[in-house]
Amino acid sequence: MENGKTENGDSQPPPQWKDKVVELLYWRDVKTSGVVFGASLSLLLSLTLCSIVSVSSYIGLALLSVTICFRIYKGILQAIQKSDEGHPFKLYLDQDVALSEGTVHKYSDCVLARFNTTVTELRRLFLVEDLVDSLKFAVLMWILTYVGALFNGLTLFILGLVGMFSCPIVYEKYKVQIDHYVGMANKHVKDIIATVQSKVPGLKRVKAE
């Protein structure tokens, strides 16, 4: 197999972005995961102190300071050594960063499919197609009112980011114990729901006709 092709000459599919996300969240490459996690957390913490305009401006200034200083340094070095290496960022300047039409269509279709699924599910819940599911959704909304009173959206993003980079690796390490206790909790919840449904009239799953 050469140049990403199989023995019969077919092109091998490139790694999916989902696989890359999994590798990132499971810290397969500690350096890459650490950089992404640290940069993301620093950005969110910065947004708690400054506006998004200020944070974006400071990040832009920092990047420009690094690239301008490096450009000047390489220019002086080439002048002293009398070399003709050219622009230090030529490799990156020559790369094509434009999105192809196929890529745009692919991800647009994916987003549209998710959006349609979400709208259909919300319609089902708000119009009470299934009474039990709608009641569960109402309980979730009630819990979120308390969550919103304790945390703002940015704090939830920070907690979510920390959870994304910590929960997968913890689950992978203690998978057996966690599955055991989650299974016990699910069984307990299902028993409670079954008991309530059997004793309270009208709470059995009734589909809209």
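Thresholds, definitions, all that
- Residues numbered from 1 in each chain as written.
- Predicted model: local features only at pLDDT ≥ 70, side-chain atom pairs only at ≥ 80, totals over all residues.
- Heavy atoms only, no water.
- Helix = DSSP H or I, 4+ residues; strand = E, 2+ residues; numbered from the N terminus.
- Buried < 20%, exposed > 50% of the residue type's maximum accessible area, 1.4 Å probe, protein only.
- Contact = heavy atoms within 4.5 Å.
- Areas by Shrake-Rupley, 256 points an atom, 1.4 Å probe, with all protein chains shown as cover.
- UniProt positions renumbered as here; feature names shortened; annotations may be inferred.
- Salt bridge = Lys/Arg side-chain N within 4 Å of Asp/Glu carboxyl O.
- Axes fitted to C-alpha atoms, helices over the stretch in contact; angles between N-to-C directions.
- Parallel < 35°, antiparallel > 145°, perpendicular 65-115°, else oblique.
- Left-handed = near helix turned anticlockwise from the far one by under 90°.
- Nonpolar A, V, L, I, M, F, W, Y, C, P; charged D, E, K, R; others polar.
- Expected span 1.5 Å × (residues − 1).

S.K.: Is there a simple way to explain the overall build of the protein chain in this structure?
M.R.: Of regular secondary structure, the protein chain possesses 8 helices and 0 strands. With 209 residues in all, the protein chain has 10% of them scored as buried. The contacts of the protein chain with a sequence gap of at least 6 include a subset with a gap of at least 24, amounting to 51%. Summed over its atoms, the accessible surface of the protein chain is roughly 17,100 Å², and 67% of this surface lies on carbon and sulfur atoms.

S.K.: Which parts of the structure should I look at to understand the UniProt feature "transmembrane region" (unreviewed entry) in the protein chain?
M.R.: The residues that UniProt annotates with the feature "transmembrane region" (unreviewed entry) are residues 43-73 and 139-165. End C-alpha atoms of residues 43-73 are separated by 29 Å, and the span's content is 94% helix alongside 0% strand. With 93% helix and 0% strand, the stretch residues 139-165 has end C-alpha atoms that lie 28 Å from each other.

S.K.: What should I look at first to understand the pattern of salt bridges in this one?
M.R.: Close approach of charged atoms lets side chains of opposite charge pair. According to the stated counting rule, one finds 7 salt bridges in the structure shown. Of the charged contacts, one joins Arg-124 and Glu-121 as a salt bridge, the two residues approaching to 2.7 Å between their closest N and O atoms. Of this pair, Arg-124 and Glu-121 both sit in helix 5 (residues 101-126), 3 residues apart, roughly one helical turn. Taking the relative accessible area as the measure of exposure, Glu-121 reaches 35% and is therefore partly exposed. Members of the salt-bridge network, linked through shared partners, are Glu-121, Arg-124 and Asp-133.

S.K.: Mind showing me how you'd approach unusual backbone geometry here?
M.R.: Of note in the backbone geometry, Lys-82 takes a positive phi value of approximately 55° without being a glycine. Following the sequence through the fold, Lys-82 ends up in the loop between helix 3 (52-81) and helix 4 (90-93). Classification of Lys-82 by relative accessible area gives exposed; the value is 77%. Residue Val-128 is not a glycine yet carries a positive backbone phi of 55°. Structurally, Val-128 is set in the loop between helix 5 and helix 6 (131-150). Judged by its relative accessible area of 38%, Val-128 falls in the partly exposed class.

S.K.: Whenever I open this one, the packing of helix 2 (residues 30-49) against helix 7 (residues 153-173) confuses me. Can you help?
M.R.: Helix-helix packing is described using two parameters, namely the angle between the two axes and the distance between the axes. Here helix 2 crosses helix 7 at 170°, and the two axes come no closer than 10 Å. Looking at the two axes, helix 2 sits roughly antiparallel to helix 7. The way helix 2 lies across helix 7 gives a crossing that is left-handed. Of the residues in helix 7, those touching helix 2 at Ser-33, Val-36, Phe-37, Ser-40, Leu-41, Leu-44, Leu-45, Leu-47 and Thr-48 are Leu-154, Phe-157, Ile-158, Leu-161, Val-162 and Phe-165. Grouping the constituent residues of the contact of helix 2 with helix 7 by class yields 12 nonpolar, 3 polar and no charged.

S.K.: Is there a simple way to explain helix 5 in this structure?
M.R.: Two residues of an α-helix separated by three or four positions point the same way, owing to the 3.6 residues in each turn. Counted at 1.5 Å a residue, the expected span for helix 5 with its 26 residues is 38 Å, and the 37 Å between its end C-alpha atoms agrees. Two residues or fewer past helix 5, Val-128 is found with a positive phi of approximately 55°.

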